[in-house]
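# Structural overview
Given next are the chains, with one letter for each unit.
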Amino acid sequence: MTNEVRNLPERMHSSALTPALLTLLAGLIVTSVLFVSSRRLEHDKIEASFRKNAEICLQTVQHELDEAVMALGAINQLFVTNQTVSREQFRIFTRPLLDRYPHVLNFNFHRMVSQAERPAFEAEQRKRYPDFAITEVDGQQRVTARSRQHYRVVDYIEPMQGNEAAFGLDAGFQSEQAAAMQRAADSGQAAASGLFRLAQEKGRQRGFLVLMPVYRHNASLHDAASRRQALLGDTSAAFRAGDLIGQILAKTRLANPTDISISVYANAASDDQYLAFRKGSKAMPAMHDGILPRWLFYNQPGTASMPLQVAGTPWHMTVSAAPEPFYKANNNALYALIASALLSLLAAAYVYTLSSRSRRIQSLVQLRTAELRLSNQRLNDDIAARKKTEHRLQILESAVQSSANTIFITSASAPDYGIEYVNPAFERMTGYAAHEAIGCNVRFLFRDDQQQDGLKNIQEAVRNRREGHAVVRNYRKDGTLFWAEIYFAPVRDEAGQVHHFVVSSHDITANKRYQAELEFQAGHDVLTGLANRNLLGDRLNQAITEAACHGHPVWIISADLDRFKFVNDTLGHKAGDMLLQVVGNRLQQAVREFDTVARLSADQFVLVLQERGDAPLTLATIEQIMEAVAQPLSIHGYHFQQKCSIGVAIYPADGDDPEMLMKHADIAMYRAKESGRNNIQFYAESMNARALERLRLEGDLRNALERDEFLLHYQPQVDLRSGRIVGMEALIRWQHPTLGMIAPDRFIKLAEETGLIVPIGAWVIRTACAQNRAWQLAGLGYLRVAVNLSAIQFAQQDMVKSIAAVLQQTGLAAQYLEIELTESLIMTDVEHAIGILRDLKALGLQLSIDDFGTGYSSLSYLKRFPIDVLKIDQSFVRDITVDPDDAAIVATIISLAHSLRINVIAEGVETAAQLAYLQRNHCDEMQGYYFSRPVPADAFERILRQDKSLPIDAAGAVRSG
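Residues numbered from 1 in each chain as written. Predicted model: local features only at pLDDT ≥ 70, side-chain atom pairs only at ≥ 80, totals over all residues. Heavy atoms only, no water.

This part is about the overall build of the protein. Looking only at helices and strands, one finds 30 helices and 35 strands in the protein. Counted over contacts in the protein with a minimum sequence separation of 6, partners at least 24 positions apart contribute 62%. Accessible surface, the protein: about 50,400 Å² in total, of which carbon and sulfur atoms supply 53%. (Helix = DSSP H or I, 4+ residues; strand = E, 2+ residues; numbered from the N terminus. Contact = heavy atoms within 4.5 Å. Areas by Shrake-Rupley, 256 points an atom, 1.4 Å probe, with all protein chains shown as cover.)

For the rest of this paragraph, the subject is the packing of aromatic side chains. Here a ring pair, both rings aromatic, is described through the centre-centre distance and the interplanar angle of the planes. In the structure shown here, the tally under the stated rule is 20 aromatic pairs. A centroid spacing of 5.5 Å and a plane angle of 55° characterise the contact between F90 and Y156, whose relative ring orientation is tilted. Of this pair, F90 sits in helix 2 (residues 87-100) while Y156 is found in strand 4 (residues 150-158), placing the two residues 66 residues apart along the sequence. Plain terms: the ring middles of W555 and F682 are 5.6 Å apart, the flat faces sit at 85° to each other, and that makes the pair edge-to-face. (Phe/Tyr/Trp six-rings, centres within 6.5 Å; stacked < 30°, edge-to-face > 60°.)

Taking 1.5 Å of rise per residue, the 21 residues of helix 21 (residues 757-777) would be expected to cover 30 Å, and the 30 Å separating its terminal C-alpha atoms lies within 8% of that figure. Restricting attention to buried positions, one finds in helix 21 the residues I757, I760, G761, W763, V764, I765, A768, C769, N772, W775 and Q776. Of the residues one or two after helix 21, G779 is the one with positive phi, at around 80°. (Expected span 1.5 Å × (residues − 1). Buried < 20%, exposed > 50% of the residue type's maximum accessible area, 1.4 Å probe, protein only.)

Read across the sheet, four strands follow the order 9-8-12-11 without closing on themselves; strand pairing throughout is antiparallel. A single partner strand is all that each edge strand has here, and the edge strands are strand 9 (275-279) and strand 11 (304-310). The sheet shows a mean angle of 15° between the axes of neighbouring strands, direction not considered. Here four bridges tie strand 8 (residues 260-265) to strand 9, and the two strands are oriented antiparallel to one another. Note on strand 9: the bridge partner recorded for S263 is R278. (Pairing = 2+ DSSP bridges. Axes fitted to C-alpha atoms, helices over the stretch in contact; angles between N-to-C directions.)

Ranked by size, the top nonpolar core spans 83 residues in total, and within it L701, F710, I803, L817 and L840 carry the most contacts. With eight residues, the top contributor of residues to this core is helix 21. The next biggest cluster of nonpolar side chains, apart from the first, holds 51 residues, and it includes F79, Y156, F277 and W315. (Core = buried A, V, L, I, M, F, W, Y, C linked by side-chain atoms within 4.5 Å.)

Let us look at the sheet that holds strand 4. With antiparallel pairing, the five strands of this open sheet are ordered in space as 4-1-7-6-5. Both edges of this open sheet fall to strand 4 and strand 5 (191-192), since each of them pairs with a single strand only. Across the sheet, helix 4 (residues 175-187) lies against strand 1 (106-114), strand 4, strand 5, strand 6 (207-215) and strand 7 (231-240), angled at about 35° from strand 6, the strand it touches most. Helix-sheet contacts for helix 6 (residues 241-249) involve strand 6 and strand 7, and the interaxial angle to strand 7 is about 60°.

Helix length check: helix 4, at 13 residues, gives a terminal C-alpha distance of 18 Å against a target of 18 Å (1.5 Å per residue), a fit within 8%. Buried within helix 4 we find Q177, A180, M181, A184 and A185. Taken around the axis of helix 4, the buried residues stretch over an arc of 135°, which confines them to a single face. Those residues of helix 4 hidden inside the fold are in contact with strand 1, strand 4, strand 5, strand 6, helix 5 (224-230) and strand 7. With its phi angle positive at about 75°, G188 sits one or two positions after the end of helix 4. (Arc of directions from axis to C-beta.)

Moving on, we get to the pattern of salt bridges. Inspection of the entire model under this criterion finds 28 salt bridges. The shortest N-O distance in the salt bridge between R148 and D170 comes to 2.5 Å. In this pair, R148 is assigned in the loop between strand 3 (141-144) and strand 4 and D170 in the loop between strand 4 and helix 4, connecting sequence segments 22 residues apart. With a relative accessible area of 22%, R148 lands in the partly exposed category. Residue D507 is joined to R476 by a salt bridge in which the shortest nitrogen-to-oxygen separation is 3.2 Å. Placement of D507 in strand 18 (residues 498-507) and of R476 in the loop between strand 16 (468-475) and strand 17 (481-492) is noted, with a sequence separation of 31 residues between them. Sharing partners across several salt bridges, the network here consists of E136, R146, R148 and D170. (Salt bridge = Lys/Arg side-chain N within 4 Å of Asp/Glu carboxyl O.)

Taken N-terminus to C-terminus, the directions of helix 21 and helix 23 (residues 799-810) make an angle of 30°; their axes are 9 Å apart at the nearest point. With respect to their mutual orientation, helix 21 and helix 23 come out roughly parallel. Between helix 21 and helix 23 the crossing geometry is right-handed. Side by side, helix 21 and helix 23 meet where I765, R766, C769, A770 and R773 of the first sit next to I803, V806, L807 and T810 of the second. Here the residues of the contact of helix 21 with helix 23 are counted per class, giving six nonpolar, one polar and two charged. (Parallel < 35°, antiparallel > 145°, perpendicular 65-115°, else oblique. Left-handed = near helix turned anticlockwise from the far one by under 90°. Nonpolar A, V, L, I, M, F, W, Y, C, P; charged D, E, K, R; others polar.)

This paragraph deals with a nonpolar patch on the surface. On the surface, I338, L342 and L345 cluster together into a nonpolar patch covering about 240 Å² of accessible area. Along the polypeptide, L342 turns up in helix 7 (residues 332-347). (Patch = residues over 30% accessible without salt bridge, like charges linked within 9 Å, V, L, I, M, F, W, Y side chains within 5 Å.)

Once that is clear, we can look at the layout of surface pockets. Rolling a probe over the atoms, with the probe sized like a water molecule, indicates the empty space that remains. Empty space within the second largest pocket amounts to approximately 620 Å³. Lining the second largest pocket we find 22 residues, and of these A123, R126, K127, L527 and D577 sit closest to its centre. At five residues, the largest contribution of residues to the lining of the second largest pocket is made by helix 16 (residues 573-590). For the lining of the second largest pocket, the per-class residue count stands at ten nonpolar, five polar and seven charged. (1 Å grid on protein atoms, 1.4 Å probe; cavity = no way out; pocket = protein on both sides within 12 Å on 5 of 7 lines; lining within 4 Å. Points joined across faces, edges and corners; volume = space filled by probe spheres on them.)

Our next topic: the pairing of strand 18. Of the pairings in the sheet, the one linking strand 14 (residues 406-411) to strand 18 comprises six bridges and is antiparallel in character. Bridge pairing in strand 18 links T406 to S505. In this antiparallel pair of consecutive strands, strand 17 and strand 18, the connection spans five residues, and G496 shows a positive phi of 90°.

So, on to the environment of Q247. Positionally, Q247 belongs in helix 6. Sequence spacing of Q247 and E64 is 183 residues, and the spatial spacing of their C-alpha atoms is 9.8 Å. When neighbours within four sequence positions are excluded, Q247 is seen to be in contact with P102 and H103.

Positionally, S505 belongs in strand 18. The class for S505 is buried, based on a relative accessible area of 6%. Leaving out residues up to four positions away in the same chain, S505 has contacts with N405, T406, M429, E485 and I486.

For the rest of this paragraph, the subject is empty space enclosed by the protein. Inspection of every chain in the model, using the stated rule, returns three cavities of 30 Å³ or more. Counted as a void, the largest cavity has a volume near 110 Å³. Considering the residues around the largest cavity, the lining is formed by 16 residues, among which V154, A166, Q177, Q200 and L209 are closest to the centre. Of all the secondary-structure elements, those providing two or more residues to the lining of the largest cavity are strand 1 and strand 4. When residues in the lining of the largest cavity are grouped by element, the largest group, three residues, is from strand 1.

And the structure:
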């Protein structure tokens, strides 16, 4: 066929198309005008709708971010309105906020801790979290924080689960957080950090914090400098930036379409280093107009870039839409185009009919071409699959060679099962080179240790041609032992026959050591290393069983340190821990190797001593233990001797049950404490009744405040110049519902031991102040009321604030409240006591030293104390008329106090002769039975209404009768 013949159909086809094309051209011109007009209207509508949705999206994001900052503000107010916030309060307060704002990763409180405060802070936290330490992030790991002047530590964090990595972290070293915290501290407002990888984040997502400063209560915050000075820490909320924005945008309609691109930047600039969130691809570029405008055929609204504010930090959001063909959204223009085009195309239908035969031929050619291409593609796929298989084998070989686990292959032929391959990890772990191991039976790794249970499991699995797992002891080339966990599997051929075994193992020696350490800790006290309650029970059972066989006694000794709580309260818990470690070591050295020493509670130790033929037990044995404990020691520069009280129960005389023997030893120990401490008591049957009485009294004492069983008696204090009542001392009494009136000496000491003295003492101060104010309002005079303060109350950190609060609540002026302190209390730590006394004096209170002369105050210290009154102890007043020494001591105290401009009150005045002596030596005031016993409030009120006074004559002396 010639070219002319081949081209004939084309020429015929072209001549037939000419009229059709002219008709089609005229129709297309009309169609184009109609289409352009419709498309312009549709594009403007889409643009307006897009802008509106973008604004809604922005408002939603801004609103949700503001809500999260407001939630943080609520937590911050918890610290502003409360002087102290406990970890439980923080957890309870944040729980509903976390439920309400699920996009908040956590709320936490950063506490400012100085380098000097760090040891005490970490020690306090370890009581609840034993492994606690201030840490920082070094690369991808948490390490102990390096020494620096201040730390900003994550102290509280909720929820704790999932955020453990952030607990205890020093956030101050992170530049992003530090800069945000500086802005917040200077302004007093919330501030947002930049983006960074959160400590608890396991993925690649970055997050940010919103922080609000927490200042000291009542601190001046008038400028940035004063705010920095008053800064205690900050509250913060942590967010995963991507999750946060994603959850917020999920609430809007704009975030749903897949062709919408949304980018949120934590900065005013569109820089990917500040990218907080992106949905879709990067901001979609606009299609530029060419010969025809882009809006004619594509729907693409302009990119919307809008500013955001996150806690005062400028962010911005960019919203753009991907271009899409116009017919996907609005079809009016499409319908117009189709209708006009169809009319034009119908006129050319005849021409298309003529060309159908040519098109069928062309389709056939394309079909054959496609089949040929498919064959070529299949051939290429086979070649690619073979290359892929070869590549996988290379990767597998490389993985085996690079594996950190030992991998070796043995023959399945009995009995040798020789090693045929080892990887480099085998050489590193065992110390044997490959040529030394290949050909050997794997038994050479076990040496003479062939009777292991794990090895037997391996042998059985190999005989049965199945997979197996075992933990065995292996030995390196140098003879050192290591534990290995072994996994092995058979390799089968196409017929299913096993021809090799593949063995993988890894070193678990460290895990074994850790397991052994856990087992040790399960039976031993963490602080002292002594036996704990569990191990003590086992040892005591063993000792009793052995003693029952040989007829030997066993001594159970309960030893409790005297005044240990005082050491803890004055020197701190760290010093207390050091003391317990020293005492535990001394006890361990004081007994024999086969005896047991255990620590049961804070300062209580239990010793189990077994008598043997060559080692009898005597009282001297226990005295040696007490002497060992009482050896002088020094902690934090303080030198003292630690004494202890010991109770002893003996098997079988005092019982044959371990729990009963322990109980009887405790009863004897408490009896030793009641007998003046630092002594030994052996259990006796009579102690049970006393112990039960003490236990009952302690239980009733815990409920006495709630049941309103306490009451105050008041003893008048009389001016010796005018004879009139100028004050009174408030003395607590306990009206027990069944035991009747209980004197203070029976329950005050018990209250101090149990810590109940703190709420009881607070009740005394509040009740005495309220009663004094009531008498003032009733017109019975403005008298001062004196209240005793115990050592435990004096050690409370908020003691001064609590007294100020009572004065404010009751309306009593501070000058009418007198706080009585003992000499021994204020002389324990003089510098600390002076600071507290000055704080009390700043409130306007009166301060007095009770029982003066029985302690060890020096004149130099007395001059430094802001004291108003000295109270002479009744032990001196009792014999001033018959004992010249007591008389001289009283006269000297009065003279000394007056030289320091301090008033003097004599206690326990019972006779006219005592009163006359005190007047002659110019004592200022007295209290005692001579004028009045302590009486209930109603009786004291009658004394005031009767205006009772001492009869003073013109010469200033008490008249007889």
